[in-house]
Amino acid sequence: MMDERGPLQAFGLLAVTVSLKARTGKLRLSDKLALMIAFLGCCEDQPDAKRAVREFLASVDTYPRLAGERLRAAIEALPGVDVGQDAFSLLEDLERQAVACGWAEQGGWNNVGD
């Protein structure tokens, strides 16, 4: 049996990924397009999702971190979307640890598995 939340859940997870990329300075045009396509594909009839995407796209180039934070908060508030724990704080902690351990200067923590 197919989960009826599937498309909305997939949109929510993509939106959170896009918000994380914005907050870390890694957002690309293709990410913005993927967000818009996912929105149009599953939740065009949901005003809260529409407002969140519209506001994100309008402000992300000028205020990427704030736009990413607001998008994530809006997505978390959508009924039927469970996006789990915020990965941004985890990434910030890992980066602090890398700097403290000297890994950041060596480039080692970004190249794990290379």
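Since the structure is predicted, the reported quantities are computational estimates derived from the model, not experimental observations.

Visitor: Run through the confidence of the model for the chain, naming residues and quoting values.
Guide: With 71% of its residues at a pLDDT of 70 or more, the chain shows a mean pLDDT of 80. Contacts for the low-pLDDT stretch residues 108-114, under 50 throughout, to residues beyond four places or in other chains number six contacts.

Visitor: An account of the packing of aromatic side chains is needed here, citing residue identities and associated values.
Guide: By the definition in use, this model includes one aromatic pair. Look at Phe-11 and Phe-39: their rings are 6.4 Å apart centre to centre, the planes differ by 55°, and that puts the pair in the tilted class. Taken as a pair, Phe-11 in helix α1 (residues 6-24) and Phe-39 in helix α2 (residues 29-42) lie far apart in primary sequence, 28 residues in all. Among the residues examined, Phe-11 registers a relative accessible area of 1% and is labelled buried. Residue Phe-39 is classed as buried on the basis of its relative accessible area of 5%.

Visitor: Can you lay out the packing of α2 against helix α3 (residues 47-59) for me, pointing to particular residues and giving the numbers?
Guide: Between α2 and α3, whose axes approach to 11 Å, the crossing angle comes to 165°. Considering their axes alone, α2 and α3 lie roughly antiparallel with respect to each other. Note that α2 runs across α3; the crossing there is left-handed. Between α2 and α3, the residues in contact are Lys-32, Leu-35, Met-36 and Phe-39 and Ala-49, Lys-50, Val-53, Phe-56 and Leu-57, respectively. Grouping the amino acids of the contact of α2 with α3 by side-chain chemistry returns seven nonpolar, no polar and two charged.

Visitor: How would you summarise α1 if you had to cite specific residues and measurements?
Guide: The first and last C-alpha atoms of α1 sit 27 Å apart over 19 residues, in line with the 27 Å expected at 1.5 Å per residue. Once α1 finishes, Gly-25 follows within two positions and takes phi at roughly 80°, a positive value.

Visitor: Explain α3 to me, using residue names and the numbers behind them.
Guide: For α3, which comprises 13 residues, the first-to-last C-alpha distance of 18 Å matches the rise-based estimate of 18 Å (1.5 Å per residue) to within 8%. Within the sequence span of α3, burial applies to Ala-49, Ala-52, Val-53 and Phe-56. Relative to the axis of α3, the buried residues are bounded by an arc of 95° and lie together on one face. When the buried face of α3 is taken as reference, the exposed residues oriented beyond 90 degrees from it are Pro-47 and Ala-58.

Visitor: I'd love a proper account of the environment of Glu-55, names of residues and values included.
Guide: Following the sequence through the fold, Glu-55 ends up in helix α3. For the pair Glu-55 and Ala-67, spaced 12 residues apart in sequence, the C-alpha separation works out to 7.7 Å.

Analysis parameters
- The numbering scheme is per chain: residues are counted from 1 as the chain's sequence reads.
- Selection of residues for local features in this predicted model requires a pLDDT of at least 70, selection of side-chain atom pairs for listing and counting requires 80 or more, and totals for whole chains, interfaces and linings are taken over all residues.
- Derived side-chain values reflect all non-hydrogen atoms in the structure, with water molecules and hydrogen atoms excluded from consideration.
- Known as pLDDT, the predictor's confidence for each residue is given on a scale from 0 to 100.
- Every residue pair with non-hydrogen atoms within 4.5 Å of one another is taken to be in contact.
- Aromatic contacts are taken between Phe, Tyr and Trp rings whose centres are within 6.5 Å, Trp giving its six-membered ring; a plane angle under 30 degrees counts as stacked, one over 60 as edge-to-face, and the others as tilted.
- Numbering of helices and strands starts at the N terminus; helices are DSSP runs of H or I of at least 4 residues and strands are runs of E of at least 2.
- For each residue, the accessible area found with a 1.4 Å probe, counting protein chains only, is set against the maximum for its type, and the residue is called buried under 20%, exposed over 50%, and partly exposed in between.
- As a rule, the C-alpha atoms of each element are fitted with a line to give its axis, helices using only the stretch in contact, and angles between N-to-C directions run from 0 to 180 degrees.
- With respect to orientation, any angle under 35 degrees is reported as roughly parallel, any angle over 145 as roughly antiparallel, any angle of 65 to 115 as roughly perpendicular, and every other angle as oblique.
- A crossing counts as left-handed when the near helix is turned anticlockwise from the far one by less than a right angle, and as right-handed when that turn is clockwise.
- Classes in brief: Ala, Val, Leu, Ile, Met, Phe, Trp, Tyr, Cys and Pro nonpolar; Asp, Glu, Lys and Arg charged; the others, Gly included, polar.
- For a helix, the expected span equals 1.5 Å multiplied by the number of residues minus one.
- Think of it as the arc spanned by the lines of direction from the helix axis to the C-beta atoms.

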